[in-house]
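Fold and geometry: a report
Spelled out, the chains give:
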Amino acid sequence: MIPLDKKISSTWASSRTTSSSLTANSSKRRSSTLGSDCQSPFTPWTLTVEEVSRVLTTDTNSGISESEALSRSSKYGPNSIDEGKGVAFWEIFLRQACNAMVLVLLISMAISFAIKDYIAGGVIAAVFFINVIVGFIQEFKAEKTMQSLKSLSSPTAHAIREGLDDTVPSMALVPGDIIIVKVGDTIPADSRIISSMNLETDEALLTGESLPVTKSSNLICSKNSPVGDRQNMLFSSSVVTKGRGTAIVTSTGMDTEIGMIAKSLRNENSKIRKVKRDDTGKAKRREYVKAFLGSIKDIIEAFLGTNHGTPLHRLLAKLSIFLFGIAVVLAIIAMAAQKFIVTREVAVYAIVLAIAMIPASLVVVLTITMAMGTKTMAQRNVIVRKLDSLESLGAVNDICSDKTGTLTQGKMILKKVWVPGLGYYDVVNGVPSNPDSGIVSFSQSEESSDKMDPPESDLFSEWITTASLVNIANVRKETSLGSTVWKSNGDPTEIAVQVFTTKLGYNRNVLVDSDNPRYTFINEYPFDSSIKRMSSVYNDNETDSVHVFTKGAVERILGICTQWYGDNGEQSTFSKEQHEKVLAQVDRFARQGLRVLAFARRQPPGSIVKERSWKQVERIEVEQDMIFLGLAGIYDPPREETAEAVRRCHTAGINVHMLTGDHPTTATAIAKEVGILPSNLDEYSPTIVKSMVFTAPEFDALSDNEIDQLPLLPLVIARCAPQTKVRMIEALHRRKAFAAMSGDGVNDSPSLKKADVGIAMGLVGSDVAKDASDIILSDDNFASILAAVEEGRRMAENIQKFTLHLLAGNISQALFLVVGLAFKDNDRFSVFPLSPVEVLWIIMITSSFPAMGLGIQKAEVGIMNKKPKNPKAAIFTWEVIVDMLVYGLLLAVICMVSFIGIVYGVGNGELGHGCNERYEDVCQYVFRGRSTAFIQMTWCLLILAWEVIDSRKSLLLMNPDIFRDVNKNPGFLRSVMLMFQELFAILWENQMLFWSVVIGFFSVIPIIYIPVINKKVFQHSPIGWEWGVGLAGLIVFIAGSELYKWCKRIYYRNENSQKEDVESHHLPFMRYNTLQLE
């Protein structure tokens, strides 16, 4: 198979790079079908049918021959979505096993079995396999996008070959084939229309637009027209909703628009770097060396997991390598202390020292915590597809959202009516589909604040009768479960109009279907997207006269009207000057975010029917010489929670961008209403205002450099196309932003894949969009995105807490064991102050369960008032690193003092011999010292889990407000009681953490006293008065931790007060835009 884009690649070698847009790429790839003498990209939508047929060497009547079809098929390949290289089970398994974090577990397991410590080896083996299996399942579930795309293709096609109609497999179509399509068909390949009859297609999966697109062969589109505007083209996998047509196949398989989306969804993650070449295709020798060394580097980093995955996963992989390196260094130090005379005792000490530095439980705690987080997310209408997206959400600082159905309700309501010669009708507090809601008021001018009840008026009666009758929606009352409710069905726009007419007593069912109806239905001319209007014909039973009622797009209604009611309410000629007045009113409505419909009526002469029936009368005879009646402004109201959600995003330091297919004026109005745009745009400079709002063609026309020079990235992009969303994400990435993108159609899949967090809609989203996403909103609500970000921040904060807790324990044990190298027994071998099983117990058991408890800790107050964290810094800020070192050092010192006090203070320095392998009487002080150090290490780490709930507040006083009550009830005892009462209430909220600490606190007792387990497994012995030493060490640890936090509070209080003074003068849109505005 010869790819289409290879044949004449020289003709577009100087084109824009891959970061430009899918539209540019689609033009490039089609150049191959033109032949080797082509000097410009093939854009069939810019050519006439004759030009396209000549380029493709085909006949529009007879098509191509079977032999030519076979020849082209071998050249261009099958017309199908190429799934690419299949995903093998063993590859997924290796990807999960071959990263630094898991390799550390594997090496630890091997070391444990090597020293015949089968208990420790078995525990680490279980952790290893749990981590690999969970990761394997998650990755395997994510490999479905290409299958969803393939399911969209049509199995057969109706083609003309050698002048004969034939049904052929869609895979057999080639460029130049002539195809015939009709209602219900799935388009088999991208094609240029030859002829059509009322042809309409549903292209929602490509453009996101829910309305069918009218197609025509006569139109010639501009080169840069987005997919949705190429009305002379048919696109693969779209569906014919009306009419029929004939077309020339111009692109097949992966060169179709849907194929380009499939290409963009693939993970282009080859580890082999390409050699950089000059314009002539030649490369210098050093470029080969660079490519070779770079490829080796990429392969090694991929093997260790340091160059792929989320920022947290990459950081943890690097951390594992760093800690493993430290572990090796510590093991070497242990052997060097014995002058490299490596006996079994020396090897055991070196292994223990190395294991102490490895956070063996970190991976499993992280995985389990994230799995638990998905359940919490589901309760907030967020379905998590990929576990690693949880921590990514916490770093999001830009959200790109669709409008319809996400920021808005996706339900229409009629908000304003303008009747010329009369005035304005407003609906206040209306609820979609409920005629009982809202209040209708009237004013003679739009700016007037003098509102009154709607007056009786023949002009308004004409308008509302027309609005009710030229409408096929059904709004009715039904009784359900003893209560009466309003029900409706039909087009949302028509429902909105019918709800308004019903509110004022002009329901269509009452006018037409009552016992004594005023009107009788005669005929209907349904909505036609090519002329954008519809008409209904009724007989007025009171006057026995026929009336035509029409509604539609304003420009199409104006074109058929010759009369209107002027300012004085008298019927007069509808001149061009009056047209301008109407269009000015339309513009005012549009600036309020309203979609505008126009209404007109006519009483046709009786001669129009003559001897024909109304069914035989063409609509062109009916829709003329009409009287313009007025305008209606239809509104898709924002969700009630949207404005507050946007405000909270700004408070949280998150920019919100609206990327919508709506008209710029409508999009701007909605953006102002929900707070995405400032309401006081006039107070900003023209340059800033221009940067805030773009249309897709304007944005796509800019080069990457020009976009980067904008003072801020657009907050609103109207008429948005798929490639525009991709370029927006790329622009955000160039500004180091961490972006989330929402979408629902197949056309949104590339941008969802490219975004740091892809968010699909659960109610209306396509399967392909869902498969390309990281999370799915089950309610399609923007507020749920904010909830997901809040939950992501909570997860990130908690990951930071339990990582601090675990690594502080590793540091304390490593320091303790390094200093222990100085303790030489009678044989001059170092005696370890903690045994291997004690170390593993503390790492795998003592620390793991409190760490899991920290993972489900509720969000702290004000978490959404903070700015997003730097995703590159992830969990390791300087504050966390210092905390880790301070807590680790404090705990190591406490344990060291206790061990030295028992062995040297009481035991006179008796370290015996062979105390690293077995218990003898000469080892009693060593074993008692280990017991004391073990209980101190265990207890202090358990209390540390509570201390790190808040990195700065005192554990004993997490809620300072309780002392307001103390003032009313003075006294030391009362103060202490209140303090501990509040402390218990706070700790009890997280019961998993509470019981992990309490049970862990008492678990040391059986480990110390159960025979065999104590001396042979843990290598420590029962103790007596040493319990007091352990308790004293715990008190010192708490006091030291509280003193450290007190110092931190003083430091950060001064720093924050300075920041608040600087930031308090900035407006939200100046503080939270992508670039800092001056």
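Residues numbered from 1 in each chain as written. Predicted model: local features only at pLDDT ≥ 70, side-chain atom pairs only at ≥ 80, totals over all residues. Heavy atoms only, no water.

**With respect to the nonpolar core**
Counting 167 residues, the largest nonpolar core has Val-582, Phe-628, Leu-631 and Ile-676 as its most contacted members. For this core, the element with the most residues is helix H29 (residues 782–819), which contributes 16 residues. One finds Val-470, Phe-500, Tyr-565 and Ala-632 within the second-largest nonpolar core, a separate group that totals 31 residues. (Core = buried A, V, L, I, M, F, W, Y, C linked by side-chain atoms within 4.5 Å. Buried < 20%, exposed > 50% of the residue type's maximum accessible area, 1.4 Å probe, protein only. Helix = DSSP H or I, 4+ residues; strand = E, 2+ residues; numbered from the N terminus.)

**Brief notes about the state of the cysteines**
Inspection of every chain in the model, using the stated rule, returns one disulfide. The disulfide partner of Cys-915 is Cys-923, and the gap between their sulfur atoms is 2.0 Å. Every disulfide takes its handedness from the sign of the S-S torsion; for Cys-915 and Cys-923 that torsion is -90°, giving left-handed. When sorted by exposure, Cys-915 lands in the same class as Cys-923, which is buried. (Disulfide = S-S within 2.5 Å.)

**Description of the confidence of the model for the protein**
When pLDDT is averaged along the protein, the result is 80; 83% of the residues meet or exceed 70. Note that pLDDT drops below 50 for residues 144–154; the model gives that stretch 31 contacts with residues more than four away or on any other chain. Across residues 1058–1068, where pLDDT falls below 50, the model places five contacts with residues more than four positions away in sequence or in other chains. (pLDDT = per-residue confidence, 0-100. Contact = heavy atoms within 4.5 Å.)

**Examining the pattern of salt bridges**
Tallying each qualifying case throughout the model produces 38 salt bridges. Residue Asp-426 is joined to Lys-416 by a salt bridge in which the shortest nitrogen-to-oxygen separation is 2.3 Å. Residue Asp-426 is found in strand E11 (residues 423–428), and its partner Lys-416 is found in strand E10 (residues 413–419); the two are separated by 10 residues along the sequence. For the pair formed by Asp-426 and Lys-416, the shared burial category is buried. Note that Arg-518 is salt-bridged to Asp-540, the shortest N-O span being 2.8 Å. Here Arg-518 is found in the loop between helix H17 (508–513) and strand E15 (519–528), whereas its partner Asp-540 is found in strand E16 (residues 533–540), with 22 residues between them in sequence. (Salt bridge = Lys/Arg side-chain N within 4 Å of Asp/Glu carboxyl O.)

**Quick look at the sheet that holds strand E24 (residues 716–718)**
Here we have eight strands laid out as an open sheet, ordered E8-E27-E26-E25-E9-E22-E24-E23, and mixed in their pairing. Single-partner strands in this sheet number two, and they are strand E8 (382–384) and strand E23 (693–695). Neighbouring strand axes in the sheet, compared pairwise and without regard to direction, differ in orientation by 20° on average. As paired strands, strand E9 (residues 398–401) and strand E25 (residues 739–743) are joined by three bridges and run parallel to one another. Across the sheet, the residue bridging to Asp-398 is Ala-739, located in E25. Strands in contact with helix H26 (residues 722–734) are E9, strand E22 (655–659), E24 and E25; relative to E25, the strand with the most contacts, it is inclined by about 170°. (Pairing = 2+ DSSP bridges. Axes fitted to C-alpha atoms, helices over the stretch in contact; angles between N-to-C directions.)

**Details of the packing of H29 against helix H31 (residues 848–855)**
Running from N to C, H29 and H31 point in directions that differ by 160°, and their axes come no closer than 8 Å. The pairing of H29 with H31 is recorded here as roughly antiparallel in orientation. Read as a crossing pair, H29 and H31 show a hand that is right-handed. Seen from H29, the contacting residues are Arg-794, Met-795, Asn-798, Lys-801, Phe-802, His-805 and Leu-806; seen from H31, they are Pro-850, Ala-851, Leu-854 and Gly-855. Here the residues of the contact of H29 with H31 sort into six nonpolar, three polar and two charged. (Parallel < 35°, antiparallel > 145°, perpendicular 65-115°, else oblique. Left-handed = near helix turned anticlockwise from the far one by under 90°. Nonpolar A, V, L, I, M, F, W, Y, C, P; charged D, E, K, R; others polar.)

**Considerations on helix H15 (residues 458–469)**
Between its terminal C-alpha atoms H15 stretches 16 Å, which fits the 16 Å expected from 12 residues at 1.5 Å a residue. All of the buried residues in H15 are Leu-459, Phe-460, Glu-462, Trp-463, Ile-464, Thr-465, Thr-466, Ala-467, Ser-468 and Leu-469. One side-chain oxygen of the residue at the start of H15 lies 3.2 Å from the amide nitrogen of Leu-459, identifying that residue as Ser-457. (Expected span 1.5 Å × (residues − 1). Polar contact = N/O pair within 3.5 Å; in protein donor to acceptor, adjacent residues only side chain to side chain.)

**A closer look at helix H16 (residues 492–503)**
Compared with the 16 Å implied by 1.5 Å per residue over 12 residues, the 16 Å span of H16 between its first and last C-alpha is a close match. Listed as buried for H16 are Thr-493, Glu-494, Ile-495, Ala-496, Val-497, Gln-498, Val-499, Phe-500, Thr-501 and Thr-502. Once H16 finishes, Gly-505 follows within two positions and takes phi at roughly 85°, a positive value.

**Some details on the side chain of Ser-751**
Looking at the element boundaries, Ser-751 is found in helix H27 (residues 749–754). Of the residues examined, Ser-751 reaches a relative accessible area of 1% and is grouped as buried. Beyond its immediate sequence surroundings of up to four residues, Ser-751 is in contact with Lys-725, Val-726, Ile-729 and Met-741.

**Remarks on the pairing of strand E18 (residues 561–565)**
Relative to strand E21 (residues 626–635), E18 runs parallel, the two sharing three bridges. What sits directly across from Gln-563, in E21, is Ile-627. The pairing of E18 with strand E19 (residues 571–573) spans three bridges and is antiparallel. When the sheet's bridge partners are listed, Trp-564 is paired in E19 with Ser-572. Here E18 folds back onto E19 in antiparallel fashion, the turn holding five residues, of which Gly-569 has a positive phi close to 80°.

**Quick word on the environment of Leu-889**
Here Leu-889 is to be found in helix H32 (residues 878–906). Residues Leu-889 and Ala-808, 81 residues apart in the sequence, show an inter-C-alpha distance of 8.4 Å.

**Some thoughts on the environment of Lys-866**
The topology assignment puts Lys-866 in the loop between H31 and H32. Residues within four places of Lys-866 in sequence aside, it is in contact with Thr-651, Ala-652, Gly-653, Arg-793, Glu-797 and Glu-860. In terms of polar contacts, Lys-866 uses its side chain to reach the side chain of Glu-860, at 2.8 Å.

**A word on a nonpolar patch on the surface**
On the surface, Val-289, Phe-292, Leu-293, Ile-296 and Ile-300 cluster together to form a nonpolar patch covering roughly 480 Å² of accessible area. Tracing the backbone through its elements, the reader meets Ile-296 in helix H10 (residues 285–304). Ile-296 gets classed as partly exposed once you look at its relative accessible area, which sits at 37%. (Patch = residues over 30% accessible without salt bridge, like charges linked within 9 Å, V, L, I, M, F, W, Y side chains within 5 Å. Areas by Shrake-Rupley, 256 points an atom, 1.4 Å probe, with all protein chains shown as cover.)

**A few points about the packing of helix H21 (residues 642–651) against H29**
As a packed pair, H21 and H29 sit with axes 8 Å apart at the nearest point and diverge in direction by 30°. Both H21 and H29 take part in a crossing whose hand is left-handed. Residues Ala-645, Val-646, Arg-648 and Cys-649 of H21 form the contact with H29, whose own contacting residues are Phe-782, Ala-783, Leu-786 and Glu-790. Considered class by class, the residues forming the contact of H21 with H29 number six nonpolar, no polar and two charged.

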